[in-house]
Structure formats: C-alpha cells, structure tokens
Amino acid sequence: VQLQASGGGLVQAGGSLRLSCAASGRTFSSYAMAWFRQAPGKEREFVAAISWRGGSTYYADSVKGRFTISRDNAKNTVYLQMNSLKPEDTAVYYCAADRIVVVTTTDPDEYDYWGQGTLVTVSS
C-alpha cells in the first residue's frame, strides 16, 4: 500500500487542522492505520492509531482529548483532526499502515508502510 499525507500548515496556538492520508490499493480496509510525528532533533513518536474497521482507537497521552483519528474505508483515507493545538505539537506528521499491529502498537518499527510526512507548525 502507498500512503500520501496532506493537510499540514501553519496555525496559531489554540487552532485546528485536519490531516488526511490517502492510501492506494484495494486492501486498505485490512490495515490498521496510525499517525506518528517527529519534531526537529527528536525521535519519531506515536500519536494515534485506528483499527482496520475503525472500531478501536488509541492515543498518546499528550494528544488525548484534543486529537481524533478516523477513517473512511470507502475513500481509502484516514484522518487526524487536531484541535487546541499547542506549539509543542509542531512536527512533521507521518501516517503509517500495517496489517498485523494492534491499535496499542506504538513502536514505529512495527509499521511496514509510511507516507512522506506533512509539516505542522503551531505558532505561539
């Protein structure tokens, strides 16, 4: 599966953005999907994940209550709605996919497929 992330940009603190990740391939609905982010000088960190049917989600504590992951299997797309953004949310955001992981898998090495990343900058 090939992934294409979009929707990043510059936003003020407290604002919102919605990221999208479009997937190619007819088997998208069989993959668990996740978002990770990487800030300058830091390791890639888990943000959120959603099961292949969308019935289960999991969030990093740092975004819980502010971010929402969702998916539309008919459109082969996963979304990350980000509200109440903070300057510390500034990072390149990547979508990832894997057929085996469960939603609580937070290790990026466990995901086989990655998008190219989209930059989110939150100004104070």
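Residues numbered from 1 in each chain as written. Predicted model: local features only at pLDDT ≥ 70, side-chain atom pairs only at ≥ 80, totals over all residues. Heavy atoms only, no water.

Colleague: Looking at this structure, how should I read the nonpolar core?
Modeller: In this structure, Met-33, Trp-35, Leu-80, Met-82 and Tyr-93 are the most contacted members of the largest nonpolar core, which totals 39 residues. Those residues in contact with Tyr-93 that sit more than four places away from it in its chain are Leu-19, Trp-35, Phe-36, Arg-37, Val-47, Phe-67, Leu-80, Met-82, Gly-117, Thr-118 and Val-120. (Core = buried A, V, L, I, M, F, W, Y, C linked by side-chain atoms within 4.5 Å. Buried < 20%, exposed > 50% of the residue type's maximum accessible area, 1.4 Å probe, protein only. Contact = heavy atoms within 4.5 Å.)

Colleague: Can you help me understand the state of the cysteines in this one?
Modeller: A covalent bond between the sulfur atoms of two cysteines is what we call a disulfide. For the coordinates displayed, the defined rule picks out one disulfide. Here Cys-21 pairs with Cys-95 through a disulfide, and the sulfurs are 2.1 Å apart. Its torsion about the S-S bond being 65°, the disulfide of Cys-21 and Cys-95 is classed as right-handed. Separated by 74 residues along the polypeptide, Cys-21 in strand E3 (residues 17–23) and Cys-95 in strand E9 (residues 91–98) bring together distant segments of the chain. The buried category is assigned to Cys-95, whose relative accessible area is 0%. (Disulfide = S-S within 2.5 Å. Helix = DSSP H or I, 4+ residues; strand = E, 2+ residues; numbered from the N terminus.)

Colleague: Where do I start with the side chain of Asp-89 in this structure?
Modeller: Here Asp-89 shows up in the loop between strand E8 (77–82) and E9. Within polar-contact distance, the side chain of Asp-89 engages the backbone nitrogen of Lys-86 at 2.8 Å. Ignoring anything within four residues of it in the chain, the contact list for Asp-89 reads Arg-37, Arg-66, Phe-67, Ser-84, Val-120 and Val-122. (Polar contact = N/O pair within 3.5 Å; in protein donor to acceptor, adjacent residues only side chain to side chain.)

Colleague: Looking at this structure, how should I read the environment of Tyr-31?
Modeller: When you line up the elements, Tyr-31 lands in the loop between E3 and strand E4 (32–38). For Tyr-31, the residues in contact, after removing those within four places along its chain, are Val-1, Trp-52, Arg-71, Ala-97, Asp-98, Arg-99 and Tyr-113.

Colleague: Can you walk me through the packing of aromatic side chains in this structure?
Modeller: In this description, a pair of aromatic rings is defined by centroid distance and the angle of the planes. If you walk through the whole model with that rule in mind, you get seven aromatic pairs. A centroid spacing of 5.8 Å and a plane angle of 35° characterise the contact between Phe-46 and Tyr-58, whose relative ring orientation is tilted. With Phe-46 in strand E5 (residues 45–50) and Tyr-58 in strand E6 (residues 57–59), this residue pair connects regions lying 12 residues apart in the sequence. Tyr-58 gets classed as partly exposed once you look at its relative accessible area, which sits at 34%. The aromatic ring of Phe-28 is capped on one face by Arg-71, whose charged end is 4.6 Å from the ring centroid. (Phe/Tyr/Trp six-rings, centres within 6.5 Å; stacked < 30°, edge-to-face > 60°. Lys NZ or Arg CZ within 6 Å of the ring centre and 35° of its normal.)

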